[in-house]
Amino acid sequence: MDFRFSAEDEAFRQEVRDFVQSEWDDRGYDLVSTMNTSWHLDDNAALALQHEFEQKLVQKGWWTMHWPKEFGGQDAGIERQLVYREEMAYQGAPSAQGGGLVAPLLMIHGQDWQKEYFIPRLANAEFEFAQGFSEPNAGSDLGSLTTRAVADGDDFVINGQKIWTSTAHHPRAKWGHILVRTDPDAAKHRGISYFLIDMESPGISLRPLYDMLGRRRWSEWFLEDVRIPAQNLVGELNRGWYAAMTTLSFERASVDIPAALLREWEKIVDYLGTTNINGEPFTANPIVRNEMADLRIYVELGRMLAYRVAWMQTKGLMPQAEGSIARVWAGEATQRIFRTGARLMQDMGTLIPGGPSRWSPMGGYIGANHYLSTGRTFGGGTKEIQRNIIAQRGLGLPR
């Protein structure tokens, strides 16, 4: 099989590489290593730096290159998008494409006023959306959600609780997108509706949730008699589950993760090859070399999965099972890379930033991600749920 890109796409890859190297400086912040659990993801200075770079992408026209032209995008083909996202991830740049999960959702299911108001602002990276999906008793089994929305004249009144929202406390998270139950008598996956919600609405309160290292990663929402206009409904009433599946399909088809993990693998290899233990580098040990070679093969496997997803998209196919395969791989690969790296660095490998830097490999970077990568196998849907999707939709097995 020929995995080469066209000469035009390779020239574009070089353009992206040159742009990132001249315009992005992470200033020592870790924003991208484990995606939504990276060490500095709750640091406002780091987030401001990221937003500054996003504005450069807006000016360059790359922020929305993947959008249809009718919404101000470039209708960039899948191959061009893949080259772009691969190179941005490999160079360590954050947020390669704009609009997140909400923009494509609104393009497909949004009301006219929602498209007119939100899409231009998302195109300019003015704000971001907090996601109100998971609940304390409805995470991977999202269909069990119980947060209620009751119609009251031209409004809906919402009561309930959401959890594990990774951006709700960010300064630019002005709006949220939320799933609520509007018909409690309907079957499990029916009677759910999808709304957009102003995060400054009276009755919304946030409580911080911290990770195992004491960093604020997420927030809980508490919604008490929150009144929102009925016009904030996305799609049809009581059919929000189907709109949500559109959102989650975009979330799970992340073709840039293999390139990002290749970058992390190379950083660990560089450290192991240039740092001595007992008078010789770590890589003098054949076991270390063998384990890192095995990880490199595993990263390449993920790259092939990503290319398959991209190929399916060029054919107009929905990569449901393939997206779940890639999702399982991404979580396990992230854990394997950082945990293997930390283990090979021996006792020092688990030290985190802020400790005695003399003894912290890579400034504690590897140790922090050794812990934080834990969430990559269940955030956004556990491995077990993903494997059920693979079995049912990919292999045709019964429930």
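Residues numbered from 1 in each chain as written. Predicted model: local features only at pLDDT ≥ 70, side-chain atom pairs only at ≥ 80, totals over all residues. Heavy atoms only, no water.

Our focus in this paragraph is the overall build of the chain. The helix and strand inventory of the chain stands at 11 helices and 10 strands. Taken against the 2.2 N^0.38 rule, which gives 21 Å for 399 residues, the C-alpha radius of gyration of the chain at 22 Å falls within 12% of a compact globule. Burial status across the chain gives 49% buried among its 399 residues. Put simply, of all contacts in the chain between residues at least 6 apart along the chain, 70% involve residues at least 24 apart. With the model as given, the accessible surface of the chain reaches about 18,600 Å², and the carbon-plus-sulfur share is 50%. (Helix = DSSP H or I, 4+ residues; strand = E, 2+ residues; numbered from the N terminus. Rg over C-alpha atoms; globule rule 2.2 N^0.38 Å. Buried < 20%, exposed > 50% of the residue type's maximum accessible area, 1.4 Å probe, protein only. Contact = heavy atoms within 4.5 Å. Areas by Shrake-Rupley, 256 points an atom, 1.4 Å probe, with all protein chains shown as cover.)

The subject of this paragraph is the environment of Glu-332. Within the secondary structure layout, Glu-332 lies in helix α9 (residues 320-344). In this structure, the C-alpha to C-alpha distance between Glu-332 and Thr-377, residues 45 residues apart in sequence, is 6.2 Å. Aside from chain neighbours lying at most four places away, what touches Glu-332 is Tyr-298, Thr-377, Lys-383 and Arg-387.

Scanning all chains against the criterion turns up 20 aromatic pairs. Here Trp-24 and Phe-53 contribute two aromatic rings whose centre-to-centre distance is 5.2 Å and whose plane-to-plane angle is 55 degrees, an arrangement assigned as tilted. Here Phe-53 lies in helix α2 (residues 44-60) and Trp-24 lies in the loop between α1 (7-23) and α2, a separation of 29 residues in the sequence. Summarising the burial analysis for this pair, Trp-24 and Phe-53 share the class buried. (Phe/Tyr/Trp six-rings, centres within 6.5 Å; stacked < 30°, edge-to-face > 60°.)

Along its 17 residues, α1 runs 24 Å from first to last C-alpha, staying within 8% of the 24 Å computed at 1.5 Å per residue. Buried within α1 are the following residues: Asp-9, Phe-12, Arg-13, Val-16, Phe-19 and Val-20. Looking down the long axis of α1, one finds its buried residues gathered within 130 degrees of arc, a one-sided arrangement. Turned more than 90 degrees away from the buried face of α1 sit Ala-7, Gln-21 and Ser-22, all of them exposed. Elements that come into contact with the buried residues of α1 comprise α2 and α3 (78-90). (Expected span 1.5 Å × (residues − 1). Arc of directions from axis to C-beta.)

Taking 1.5 Å per residue as the helical rise, helix α8 (residues 286-314) with its 29 residues ought to reach 42 Å, and the 42 Å between its terminal C-alpha atoms agrees with that figure. Within α8 the residues assigned to the buried category are Val-288, Met-292, Leu-295, Tyr-298, Val-299, Gly-302, Ala-306, Tyr-307, Val-309, Ala-310 and Met-312. Once α8 finishes, Gly-316 follows within two positions and takes phi at roughly 75 degrees, a positive value.

Where the model shows low pLDDT, its predicted coordinates should not be examined in detail. Per-residue confidence for the chain gives a mean pLDDT of 89, with 95% of residues at or over 70. Mean pLDDT across the elements of the chain ranges from a minimum in helix α6 (residues 240-252), with 69, to a maximum in strand β2 (residues 148-152), with 97. (pLDDT = per-residue confidence, 0-100.)

Positive phi, normally seen in glycine, also occurs at Asp-75, with a value near 55 degrees. With respect to the helices and strands, Asp-75 occurs in the loop between α2 and α3. Take Asp-75: its relative accessible area is 46%, and that puts it in the partly exposed class. Positive phi is not limited to glycine here, since Gln-346 has a value of about 65 degrees.

Right, let's talk about the packing of helix α7 (residues 257-274) against α9 for a bit. Two numbers describe how α7 lies on α9: the axes approach to 11 Å, and their chain directions differ by 5 degrees. Our classification of the angle between α7 and α9 gives roughly parallel. Contact residues: α7 offers Ile-257, Pro-258, Leu-261, Glu-264, Trp-265, Ile-268 and Leu-272, while α9 offers Trp-329, Ala-330, Ala-333, Thr-334, Ile-337, Phe-338, Gly-341 and Leu-344. Residue composition of the contact of α7 with α9, by class: 12 nonpolar, two polar and one charged. (Axes fitted to C-alpha atoms, helices over the stretch in contact; angles between N-to-C directions. Parallel < 35°, antiparallel > 145°, perpendicular 65-115°, else oblique. Nonpolar A, V, L, I, M, F, W, Y, C, P; charged D, E, K, R; others polar.)

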